[in-house]
Amino acid sequence: MALTCLVSACATTPPPVDPAAKLDAIVAEADAAQKAGQTDKAVKLLKDATSAFPADKGPWVRLAQIRFDAENYGDAISYALEGLNRDPKDKVANSIVAVGGLRLSTKALNDLRTQNDLNGNVRTEAQGLAKILRESLGETVLVPARPKVVARPAAAPKKGAVAAKPGSTPEPSGDGANPFGSLQ
């Protein structure tokens, strides 16, 4: 009778589940939901995975990528930072933090420029950040500027020259002018 109990106990014990396989299955299900346009379901699955596997960076980085793709840079950065807490060398998470931060900064600076409030400490800080970016990228100029258009009196066309169409713009001269000159 003891042998029967022992055999029946062994028969009802489920085999051990590999945690990595379980996490992979959840991430695969989230990816499938995302591809099917069910972003909310994918996010819920990944958030559940962050609770079930708190030491794993994967669900955090995947959440960051989903939010980044949706242009929700604040959430993307937060999730990426959680991933970096688990693996400080993760390139995807670092990229999301860097690019998401730049996009948020660009938007904020454009908003301030529109409001004509880019002055004082904010202006100084923006110039300092631009300097750091230039040094990091090894560039003297972040983005080439647009050439300034100067009105000139119309010259008489040269013999054999084709007149420009009214309303057309001349081709850029490629002189490398900088639209972000105020940040230099």
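Residues numbered from 1 in each chain as written. Predicted model: local features only at pLDDT ≥ 70, side-chain atom pairs only at ≥ 80, totals over all residues. Heavy atoms only, no water.

> Would you mind going over helix 6 (residues 91-114) with me for this structure?
Along an α-helix, a turn takes 3.6 residues, which lines up residues three or four apart on a common side. Counted at 1.5 Å a residue, the expected span for helix 6 with its 24 residues is 34 Å, and the 34 Å between its end C-alpha atoms agrees. Residues of helix 6 that are buried include every one of Ala93, Ile96 and Gly100, and no others. Considering only its buried residues, helix 6 is in contact with helix 4 (58-69) and helix 5 (73-86). Where helix 6 starts, the residue carrying a side-chain oxygen 3.1 Å from the main-chain nitrogen of Val92 turns out to be Asp90. (Helix = DSSP H or I, 4+ residues; strand = E, 2+ residues; numbered from the N terminus. Expected span 1.5 Å × (residues − 1). Buried < 20%, exposed > 50% of the residue type's maximum accessible area, 1.4 Å probe, protein only. Contact = heavy atoms within 4.5 Å. Polar contact = N/O pair within 3.5 Å; in protein donor to acceptor, adjacent residues only side chain to side chain.)

> I tried to follow the packing of aromatic side chains on my own but got confused; where do I start?
Aromatic ring pairs: the centre-centre distance and the angle between the two ring planes describe each pair. Applying the stated criterion across every chain, the model contains 2 aromatic pairs. When the ring of Trp60 is compared with that of Tyr79, the centres are 6.0 Å apart and the planes differ by 40°; the resulting orientation is tilted. One end of the pair, Trp60, is in helix 4; the other, Tyr79, is in helix 5, and 19 residues separate them in sequence. For the pair Trp60 and Tyr79, one class covers both residues: buried. (Phe/Tyr/Trp six-rings, centres within 6.5 Å; stacked < 30°, edge-to-face > 60°.)

> Just checking my understanding: could you explain the pattern of salt bridges for this structure?
Two side chains that carry opposite charge are able to pair once their charged atoms sit near each other. With the rule as written, the count across this model stands at 6 salt bridges. Here Lys57 and Asp90 are joined by a salt bridge, their closest N and O atoms 2.7 Å apart. Taken together, the residues Lys57 in the loop between helix 3 (39-52) and helix 4 and Asp90 in the loop between helix 5 and helix 6 connect sequence positions 33 residues apart. We classify Lys57 as partly exposed; its relative accessible area is 28%. Look at Asp90 and you get buried, because its relative accessible area is 10%. Here Asp75 and Arg67 are joined by a salt bridge, their closest N and O atoms 4.0 Å apart. Using a relative accessible area of 32% as the deciding quantity, one classes Asp75 as partly exposed. If you follow the salt bridges from partner to partner, you end up with Lys57, Asp87 and Asp90 in one network. (Salt bridge = Lys/Arg side-chain N within 4 Å of Asp/Glu carboxyl O.)

> How should the confidence of the model for the protein chain be read in this particular structure?
Counting all residues, the mean pLDDT for the protein chain is 75, and 62% of those residues have values of 70 or more. No element of the protein chain has a lower mean pLDDT than helix 1 (residues 2-12), at 51, and none a higher one than helix 5, at 96. Residue range residues 165-176 is modelled with pLDDT below 50. Its contacts to residues more than four positions away, or to other chains, number 3 contacts. (pLDDT = per-residue confidence, 0-100.)

> Mind showing me how you'd approach the packing of helix 4 against helix 5 here?
How two helices pack is summed up by the angle between their axes together with the distance between the axes. Two numbers describe how helix 4 lies on helix 5: the axes approach to 8 Å, and their chain directions differ by 160°. Between helix 4 and helix 5, the angle falls in the class roughly antiparallel. Here helix 4 runs over helix 5; the crossing is left-handed. Where helix 4 abuts helix 5, its residues Trp60, Val61, Leu63, Ala64, Arg67 and Phe68 lie against Tyr73, Asp75, Ala76, Tyr79, Ala80, Glu82, Gly83 and Arg86. For the contact of helix 4 with helix 5, the per-class residue count stands at 9 nonpolar, 1 polar and 4 charged. (Axes fitted to C-alpha atoms, helices over the stretch in contact; angles between N-to-C directions. Parallel < 35°, antiparallel > 145°, perpendicular 65-115°, else oblique. Left-handed = near helix turned anticlockwise from the far one by under 90°. Nonpolar A, V, L, I, M, F, W, Y, C, P; charged D, E, K, R; others polar.)

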